[in-house]
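Commentary on secondary and tertiary structure
The chain contents come next:
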Amino acid sequence: MFPEMGRVIIVALMIVIPLCLIYRKAGFHPAWALLVFLPGFGLLLIFLQLGLMPWPNQQDKPGES
C-alpha cells in the first residue's frame, strides 16, 4: 500500500511544483496550482485561467494592444 502512495505523492509533486513556478512567474498566487487536483476539469480551469486572464506582471508597452 505504501509504495503506491509514494508514487502518487511523487507524481503529484511533479505536477504541482512546475505549475507553482508558472503561476509565480505569471504574477498569480502559486496556490492556484492546486486546481489541478479537481477531478475532471481542474487542468482545464488552469489552462483557461492562464490563457484568458490578464497576467498581473504583464506590462503594457506603447504601441501594443
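Source: prediction; values computed, not measured.

1. Observations concerning the packing of aromatic side chains
Scanning the model with the defined rule gives one aromatic pair in all. For the pair Tyr-23 and Phe-28, a centre-to-centre distance of 6.0 Å together with 75° between the ring planes defines the contact as edge-to-face. Given a relative accessible area of 0%, Tyr-23 falls into the buried group. Taking relative accessible area as the criterion, Phe-28 reaches 11% and is therefore assigned buried.

2. Things to note about helix 2 (residues 42-52)
Here helix 2 has its buried residues at Gly-42, Ile-46, Gln-49 and Leu-50. Angular distribution of buried residues about the axis of helix 2 spans 90°; they occupy a single face of the element. Within helix 2, the exposed residues directed more than 90 degrees away from the buried face are Phe-47, Gly-51 and Leu-52. Looking at the buried residues of helix 2, the elements they touch are helix 1 (2-26).

3. Re the nonpolar core
Counting residues in each nonpolar core, the largest one holds 11 residues, listed as Val-16, Leu-19, Cys-20, Tyr-23, Ala-26, Phe-28, Ala-33, Leu-35, Val-36, Ile-46 and Leu-50. Among the secondary structure elements, those contributing two or more residues to this core are helix 1 and helix 2. When residues of this core are assigned to their parent elements, the largest contribution, five residues, is made by helix 1. In contact with Leu-19, other than residues within four places in its own chain, are Ala-33, Val-36 and Ile-46.

Reading the values: rules and limits
- Residues numbered from 1 in each chain as written.
- Predicted model: local features only at pLDDT ≥ 70, side-chain atom pairs only at ≥ 80, totals over all residues.
- Heavy atoms only, no water.
- Phe/Tyr/Trp six-rings, centres within 6.5 Å; stacked < 30°, edge-to-face > 60°.
- Buried < 20%, exposed > 50% of the residue type's maximum accessible area, 1.4 Å probe, protein only.
- Helix = DSSP H or I, 4+ residues; strand = E, 2+ residues; numbered from the N terminus.
- Arc of directions from axis to C-beta.
- Contact = heavy atoms within 4.5 Å.
- Core = buried A, V, L, I, M, F, W, Y, C linked by side-chain atoms within 4.5 Å.

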